[in-house]
Amino acid sequence: MSIIPESSPVHKQLHLLARDARIVIFSGLPGIGKSLYINEFYSLAIQEKREVTVIQWDVARKAFETEKIMERYPMGDGTVHNGMKLLAGAFIRDKILKWSEESRKEDLLLIEAPLVGHRFIEVAELSDDPELEEILADESCSIIVPIPSKKVRKLIEEERARQVDEDAKVWMGAKPSVMIMLWRMVYNIALEFGYDAPADDNPEYDPEVIEFVFRQICKHRHFVPLHIDEVFTVPEQSESELHKLESVVASKEEAESYFDTVSEAYPHDEMIDQRVEAWYHQ
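Scope of this entry: the structure provided in the associated data block. (Residues numbered from 1 in each chain as written. Predicted model: local features only at pLDDT ≥ 70, side-chain atom pairs only at ≥ 80, totals over all residues. Heavy atoms only, no water.)

1. Side note on the environment of Lys68
Phase 1 of the analysis: Following the sequence through the fold, Lys68 ends up in helix α4 (residues 67-72).
Phase 2 of the analysis: For the pair Lys68 and Phe259, spaced 191 residues apart in sequence, the C-alpha separation works out to 8.9 Å.
Phase 3 of the analysis: Residue contacts for Lys68: discarding those within four places in its chain leaves Glu256, Phe259 and Asp260.
Phase 4 of the analysis: A polar contact is formed between the side chain of Lys68 and the side chain of Asp260, at a distance of 3.0 Å. (Helix = DSSP H or I, 4+ residues; strand = E, 2+ residues; numbered from the N terminus. Contact = heavy atoms within 4.5 Å. Polar contact = N/O pair within 3.5 Å; in protein donor to acceptor, adjacent residues only side chain to side chain.)

Below you can see the structure in the form of structure tokens.
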């Protein structure tokens, strides 16, 4: 049963893309309901009789946690090693090309790509592969970024604080402190991009800043801001339930093949960090 009512502008916007698009990429900050919109979009696409292939960042990158790779790119305290992000990036590039070659015109590729912090940023950056660039730059490919209004964001923050303890070892989605940290990071990126606002260590959430930054990051792509000014009744779900869609992942052999290639190209952590930390400079 759909959580977003058919009368909602959000439903109508998602329905049009579920009917007409070839590739749809959901992006945006943690804690804004990306998983909800992805699941709703998937249901709409199935209703349109589309054959949907799904690739989700949180699922796909875990395939790279092999013993061989983790020895070189160990996980931090809840953080992903920057080298792992480069492996996942090589994977998503190849999978898009392969899907495009093998799919029918009525098929649909659905990708969850946070972009922030170099998480599948390869779908947004200008590609050095002409074939891949042609696919991603086409109007049949869209990057959707849900952008909550101030009212909705406030309610999300309050609900997240109720659900998630800052000291919790297991939780659903981003902790409140992570949501605030990433918002501040995006605000500072906006200033770096020339957004007209004062420097502020504790800026008030502003949806216009979110749209400004992601529009800049996605300037080579068909960017679709999904403005959220409605509160939907969402049942509490486990993280595994939110990621219930079957996602394409790399086999162990594929994962370690990417590792061999990337580790040769970037032999030192300093080189990896330099590449990853420049993720929003397109």
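2. What about the pattern of salt bridges?
Phase 1 of the analysis: In this structure the tally under the stated criterion is 14 salt bridges.
Phase 2 of the analysis: Note that Asp20 is salt-bridged to Arg19, the shortest N-O span being 2.8 Å.
Phase 3 of the analysis: Put simply, Asp229 and Lys151 hold a salt bridge, and the shortest N to O gap is 3.9 Å. Here the residue Asp229 occupies a position in the loop between β5 (222-228) and α10 (239-242), and Lys151 occupies one in helix α7 (residues 150-163), the gap between them amounting to 78 residues.
Phase 4 of the analysis: On the basis of relative accessible area, Asp229 is assigned to the partly exposed category, the value being 48%.
Phase 5 of the analysis: In this structure, a network of salt bridges that share partners links the residues Arg104, Glu106 and Asp107. (Salt bridge = Lys/Arg side-chain N within 4 Å of Asp/Glu carboxyl O. Buried < 20%, exposed > 50% of the residue type's maximum accessible area, 1.4 Å probe, protein only.)

3. Side note on the sheet that holds strand β1 (residues 23-26)
Phase 1 of the analysis: Pairing in this open sheet of five strands is parallel, and the strands run β2-β3-β1-β4-β5 from one edge to the other. What marks the edges here is a single partner per strand, and that holds for β2 (52-56) and β5. Taken over all neighbouring pairs, the strand axes of this sheet differ in orientation by 20° on average, direction set aside.
Phase 2 of the analysis: Two elements, β1 and strand β3 (residues 108-112), share four bridges in a ladder whose sense is parallel. The partner of Ile25 across the bridge, within β3, is Ile111. (Pairing = 2+ DSSP bridges. Axes fitted to C-alpha atoms, helices over the stretch in contact; angles between N-to-C directions.)

4. A few points about the side chain of Ser127
Phase 1 of the analysis: Relative to the helices and strands, Ser127 resides in the loop between β3 and α6 (130-137).
Phase 2 of the analysis: Contact partners of Ser127, with chain neighbours within four places excluded, come to Arg93, Leu132, Glu133 and Arg221.

5. Section: the side chain of Asp107
Phase 1 of the analysis: Summarising the element assignment, Asp107 is placed in the loop between α5 (82-102) and β3.
Phase 2 of the analysis: Engagement of the side chain of Asp107 in a polar contact is seen with the side chain of Arg104, the distance being 2.7 Å.
Phase 3 of the analysis: Excluding residues that lie within four positions of it along the chain, Asp107 makes contacts with Arg22, Arg50, Glu51 and Trp99.

6. Let's talk about the pairing of β1
Phase 1 of the analysis: Across the two faces of β1 the burial is the same, with Ile23 and Ile25 and Val24 and Phe26 all buried.
Phase 2 of the analysis: The pairing of β1 with strand β4 (residues 141-148) spans four bridges and is parallel. Across the sheet, residue Phe26 finds its bridge partner in β4, namely Ile144.

7. So, the pairing of β5
Phase 1 of the analysis: For β5, the tally of buried residues reaches five of seven residues, placing the bulk of the element in the interior.
Phase 2 of the analysis: Where β4 lies against β5, seven bridges are found, and the strand directions are parallel. Looking at the pairing, Pro148 lines up with Ile228 of β5.

8. Regarding the packing of aromatic side chains
Phase 1 of the analysis: Tallied over the entire structure, the rule returns 10 aromatic pairs.
Phase 2 of the analysis: Taking 5.4 Å as the distance between ring centres and 75° as the angle between the ring planes, the aromatic pair formed by Tyr73 and Phe259 counts as edge-to-face. In this pair, Tyr73 is assigned in the loop between α4 and α5 and Phe259 in helix α11 (residues 252-265), connecting sequence segments 186 residues apart. An identical accessibility class is assigned to Tyr73 and Phe259; each is buried. (Phe/Tyr/Trp six-rings, centres within 6.5 Å; stacked < 30°, edge-to-face > 60°.)

9. Remarks on the nonpolar core
Nonpolar side chains in soluble globular proteins tend to be buried together.
Phase 1 of the analysis: Counting residues in hydrophobic clusters, the biggest one holds 60 residues, and the most contacted among them are Phe64, Ile96, Ile111 and Phe120.
Phase 2 of the analysis: Broken down by element, the residue count for this core peaks at nine residues, all from α5.
Phase 3 of the analysis: Beyond its immediate chain neighbours, meaning those up to four positions away, Phe64 contacts Ile69, Met84, Leu87, Ala88, Phe91, Ala250, Ala255 and Tyr258.
Phase 4 of the analysis: Counting 27 residues, the second largest nonpolar core, distinct from the first, contains Leu36, Ile38, Leu44 and Val152. (Core = buried A, V, L, I, M, F, W, Y, C linked by side-chain atoms within 4.5 Å.)

10. Concerning helix α1 (residues 9-20)
Phase 1 of the analysis: Look at α1: 17 Å from first C-alpha to last across 12 residues, which is about the 16 Å you get at 1.5 Å a residue.
Phase 2 of the analysis: Val10, His11, Leu14, Leu17 and Ala18 are the residues of α1 that are buried. Within α1, the buried residues cover an arc of 135° as seen down the axis, which keeps them to one side. Those residues of α1 that are exposed and angled more than 90 degrees off the buried face are Pro9 and Lys12.
Phase 3 of the analysis: Among the structural elements, β1, α2 (34-47), β3, β4 and β5 are those in contact with the buried residues of α1.
Phase 4 of the analysis: At the N-terminal boundary of α1, the capping side chain belongs to Ser8, with an oxygen 3.1 Å from the backbone nitrogen of Val10. (Expected span 1.5 Å × (residues − 1). Arc of directions from axis to C-beta.)

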